[in-house]
Amino acid sequence: VTAPAATSPDPTLLHELQTPAAVVDLDRLAYNVDRMAAYAAVHGLALRPHVKTHKSPRVAAEQIRSGATGVTCATVREAEVMSEVTDDVFVAYPVIGRAKLERLMRLPPSVRLIVAVDSADANDELAAAASAAGREVRVRVELDVGMRRVGVAGPEAAVALAQEVAGTRGLLFDGVTFYPGHIRQAQAEQGDDLARLSASLGTVLAALERAGLPARSVSGGSTPAAWRMHEIHGLTEVRPGTYVYNDRTTVAVGACAWDDCAFTVLATVVSTSVAGQAVIDAGTKALAREPMPGAADQGWGALLDRPEVTVMRMSEEHGVLDLSQTSWKPEVGDVVRVVPNHVCVAQHLFDEVVGARGRVVETRWAVAARGR
Ligand SMILES: Cc1ncc(COP(=O)(O)O)c(C=O)c1O
């Protein structure tokens, strides 16, 4: 095997990049970041974006510059990487197991660490690790508000766990947290679910008050419901993640416009030999096999500049474009940008992201918190 020839200087135009590549439009990113910060500010809500969408300190720093008070993480790795750019980290995930907890306790001492728990077991494990490390940890009790994933349900269970936390040395009861992931319908149709959520949250907050454990922070939120979170009484903090890049699903629920999709997978047409379709070099290993919510057969992504063209089938390295709805006649070598169905999973498939303004490549950054 001969060594590759000396590499040419970095390409400066998008169509010169090797594909598949993850590309972020820097203007759209800035717009999304600022728009959410403005929403939170107008409604007096703290903004603590979930970093699982971008996993990059470069983007987290931009969110913090525009007003985010800290970040939300799902993994210990995310918390470690994000502590480079913020000293306010919320791990909104039950951290179970000594090895993970020990890593978490080794975050820089300047980091104000908050962790979600939904069981006495998680509370005890956290307390043991915190006490071994001599570290103070704030704890939020996770509530199940309808998603049925994690969280305790109802005021009695919430008060019991809050009492457990408050009675544990080294842990500080900080409040409650919930993820309204079950609210995924179109924005205009979310009213009833939000009202129900607000009412049930209200009973929990009132019970905590009565028990002498008022929730200092009440943290919740998602991208599909992002623009209506102020309708939830008592909320103090919002935690959207996907909004930073957006994707086909976010457009489908009406939480952003098509032109707000900041992340695309750049791909090259590699074959047009089968009539009625074209094949690009982005398959499941670049786009992820994430279905659109609702009706089947909506494909696995759509072209940014021609949304009528969808990725109808995929192999690992092949994406098959459906040309039945377009007058476009792609040729081998054409470069396209694909908006994935679910951006968080797609971007996690790349080591590096290219930041572009228009068609000009301006910067690159590592997806530093990838892996675990
Ligand atoms: C606990 C938690 N908080 C916040 C978010 C962010 O929500 P979204 O991806 O809808 O922006 C998620 C997403 O999975 C989450 O699991």
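Note: the structure precedes this text.
Residues numbered from 1 in each chain as written. Predicted model: local features only at pLDDT ≥ 70, side-chain atom pairs only at ≥ 80, totals over all residues. Heavy atoms only, no water.

(A) Structural context of helix H5 (residues 120-133). In this model H5 runs 20 Å from its N-terminal to its C-terminal C-alpha over 14 residues, within 8% of the 20 Å that 1.5 Å per residue would give. Listed in full, the buried residues belonging to H5 are Ala122, Asn123, Leu126, Ala127, Ala129 and Ala130. On its buried side, H5 packs onto helix H4 (98-105), strand S5 (112-117), strand S6 (137-143), helix H6 (155-166) and strand S7 (171-178). Where H5 terminates, the next one or two residues include Gly134, which has phi positive at roughly 65 degrees. (Helix = DSSP H or I, 4+ residues; strand = E, 2+ residues; numbered from the N terminus. Expected span 1.5 Å × (residues − 1). Buried < 20%, exposed > 50% of the residue type's maximum accessible area, 1.4 Å probe, protein only. Contact = heavy atoms within 4.5 Å.)

(B) Quick peek at the site of the ligand. Lining the immediate environment of the ligand, one finds 13 residues, of which Lys52, Arg149, Thr223, Gly241 and Thr242 sit closest. Between the ligand and Arg239 there is a distance of 3.1 Å, counted from a nitrogen atom to a side-chain nitrogen or oxygen. Contact distances for the ligand include 2.6 Å between an oxygen atom and a backbone N or O atom of Gly241. Protein chains bury 90% of the 390 Å² of accessible surface belonging to the ligand in isolation. For the ligand, the cavity whose grid points lie within 2 Å of the majority of its atoms is the largest pocket. Partitioning the shell around the ligand into residue classes produces 4 nonpolar, 6 polar and 3 charged. (Near = heavy atom within 4 Å. Polar contact = N/O pair within 3.5 Å; in protein donor to acceptor, adjacent residues only side chain to side chain. Areas by Shrake-Rupley, 256 points an atom, 1.4 Å probe, with all protein chains shown as cover. 1 Å grid on protein atoms, 1.4 Å probe; cavity = no way out; pocket = protein on both sides within 12 Å on 5 of 7 lines; lining within 4 Å. Sits in = over half its atoms within 2 Å of the grid points. Nonpolar A, V, L, I, M, F, W, Y, C, P; charged D, E, K, R; others polar.)

(C) Here's a closer look at the packing of helix H1 (residues 26-42) against helix H2 (residues 57-65). At a closest axis distance of 9 Å, the pairing of H1 and H2 adopts a crossing angle of 45 degrees. When the axis of H1 is compared with that of H2, the two are oblique. H2 is crossed by H1, and the crossing has right-handed handedness. Facing H1, whose interface residues are Leu26, Leu29, Ala30 and Val33, H2 presents Arg58, Val59, Glu62 and Gln63. Considered class by class, the residues forming the contact of H1 with H2 number 5 nonpolar, 1 polar and 2 charged. (Axes fitted to C-alpha atoms, helices over the stretch in contact; angles between N-to-C directions. Parallel < 35°, antiparallel > 145°, perpendicular 65-115°, else oblique. Left-handed = near helix turned anticlockwise from the far one by under 90°.)

(D) Structural detail: H2. Within the sequence span of H2, burial applies to Pro57, Val59, Ala60, Glu62 and Gln63. Taken together, the buried residues of H2 touch H1, strand S3 (71-73), helix H3 (76-82) and strand S17 (360-366). Backbone geometry just after H2 places Gly67 at a positive phi near 125 degrees.

(E) Expanded view of the packing of aromatic side chains. This structure, assessed with the given rule, holds 2 aromatic pairs. Between Tyr39 and Trp227, the ring centres sit 5.5 Å apart and the planes meet at 85 degrees, which makes this aromatic pair edge-to-face. One end of the pair, Tyr39, is in helix H1; the other, Trp227, is in the loop between strand S8 (217-220) and strand S9 (237-238), with 188 residues separating them in the sequence. Of the two residues, Tyr39 and Trp227, both sit in the buried class. Between Tyr245 and Phe263 the ring centres are 5.5 Å apart and the planes differ by 35 degrees, which places this aromatic pair in the tilted class. Of this pair, Tyr245 sits in the loop between S9 and helix H8 (248-252) while Phe263 sits in strand S10 (residues 263-271), and the two are 18 residues apart along the sequence. The same class applies to Tyr245 and to Phe263, which are both buried. (Phe/Tyr/Trp six-rings, centres within 6.5 Å; stacked < 30°, edge-to-face > 60°.)

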